[in-house]
Amino acid sequence: MNTVYLNGEYIPEDQAKISVFDRGFLFGDSVYEVIPFYQGVGFRLQEHIDRLNHSLRAVRISCEMDWAQILGDLVEKNGGGNLSVYLQITRGDAGKRSHVYDEGLQPTVFACCSEIKDIWQAGADDILPIKAMVMEDLRWHRCDIKSTCLLPNILVLQQANDEGVQEAILSRDDRLTEGSACNLFLVKRGVLFTPKRSSEILGGITRELILELADEYGIQYQEVDVDYDRLLAADEVWVSSSTRGIIPVIEVDGHQIGDGNKGPMWHKMFELFVTFQRKLMRGTK
Ligand code: PDD
């Protein structure tokens, strides 16, 4: 049985209970993070904590805790292997349903783990390319906040799955923003392109790392508006997230991307990415 963290206690998951009046349950009034731990080491843990604090501040939930300690202990209690840690903080239990909230509510803090693949040990051949479709981005305009209000994300991904593809790429006002739970990259003539950071996308931790690695290893990149035609004309398309790493997209809306295989730039970035992770595991990064 997995151990979860709930409001200061480490308990078996079947004993974790929250109130039906918790605002996270009633309104999605809550924020979250998903952080991979490989062999007990958090992947860009401080960056995830910084983003969590950004989300908390943006929705005016005040909750300062020693997240590194709490999550580190949780990972240890769950065997310390390759785990994805989910952390959710709601505005708390108001004891009633009311849109308006009292400032003094005690936030509900919940964290749990699930096993993930150790991407850093994988070879390029272990990564399966995916197909995607473009769909309208129906989310609000504060996608920089990692809010648990994920209904638009869930519905597009479900529709994509129903149509036999693995990812939905979102489009707002003729500009592509990101995937249902991942950031978007494309490659054209050796240059890497990704939508600009704004409140229309989540500032992905993996996205940031890809751009850092591009900087460090002299790969040209641009943060730009990406439209549909540019996407279909790309030599390579990738999506990125902490739990999935960097995934090549070889078909969009039935159109083949590039030559329909994982591209050379993907291979290069994948190698840089796993090398970075291996150094992190050895404590040299
Ligand atoms: N999602 N964009 C969205 C909308 C996301 O939900 C995510 C991650 C990303 C990638 O961010 P990062 O590189 O920091 O993981 C981009 C997580 C994994 C989730 O919701 O499960």
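In this text the structure is predicted, and so the values were computed from the model without any measurement.

K.L.:
Hey, could you run me through the pattern of salt bridges in this one?
P.N.:
Summed over the entire model, instances satisfying the criterion amount to 19 salt bridges. Here Glu-208 and Arg-197 are joined by a salt bridge, their closest N and O atoms 3.4 Å apart. Taken as a pair, Glu-208 in helix H5 (residues 205-216) and Arg-197 in the loop between strand S11 (191-195) and H5 lie far apart in primary sequence, 11 residues in all. Take Glu-208: its relative accessible area is 29%, and that puts it in the partly exposed class. Arg-207 is the salt-bridge partner of Glu-223, the closest N and O atoms lying 2.7 Å from each other. Within this pair, whereas Glu-223 is found in strand S12 (residues 221-224), its partner Arg-207 is found in helix H5, the two being separated by 16 residues in sequence. Judged by its relative accessible area of 1%, Arg-207 falls in the buried class. Here the residues in one salt-bridge network are Asp-137, Arg-139, Arg-172, Glu-178 and Glu-200, joined through shared partners.

K.L.:
Just checking my understanding: could you explain the side chain of Arg-44 for this structure?
P.N.:
With respect to the helices and strands, Arg-44 occurs in the loop between strand S4 (41-42) and helix H2 (45-58). Under the relative-accessibility criterion, Arg-44 is labelled buried at 12%. There is a polar contact of 3.0 Å between the side chain of Arg-44 and the side chain of Glu-212. Not counting the four nearest positions on each side in its chain, Arg-44 is found in contact with Ile-205, Leu-209, Glu-212 and Phe-276.

K.L.:
Help me understand the sheet that holds strand S3 (residues 30-38) in this model?
P.N.:
Remark on secondary structure: sheet strands pair via backbone hydrogen bonds, oriented parallel or antiparallel. Reading across from one edge, S2-S1-S6-S5-S3-S4 is the order of the six strands in this open sheet, with antiparallel pairing throughout. Either end of the sheet is taken by a strand with one partner, and the two such strands are strand S2 (9-12) and S4. As judged from the two bridges shared by S3 and S4, these two strands associate in the antiparallel manner. Within S4, the residue paired with Phe-37 across the bridge is Gly-42. Contacting S3, S4 and strand S5 (83-90), H2 crosses the sheet at an angle of about 175 degrees to S3.

Calculation criteria
Residues numbered from 1 in each chain as written. Predicted model: local features only at pLDDT ≥ 70, side-chain atom pairs only at ≥ 80, totals over all residues. Heavy atoms only, no water. Salt bridge = Lys/Arg side-chain N within 4 Å of Asp/Glu carboxyl O. Helix = DSSP H or I, 4+ residues; strand = E, 2+ residues; numbered from the N terminus. Buried < 20%, exposed > 50% of the residue type's maximum accessible area, 1.4 Å probe, protein only. Polar contact = N/O pair within 3.5 Å; in protein donor to acceptor, adjacent residues only side chain to side chain. Contact = heavy atoms within 4.5 Å. Pairing = 2+ DSSP bridges. Axes fitted to C-alpha atoms, helices over the stretch in contact; angles between N-to-C directions.

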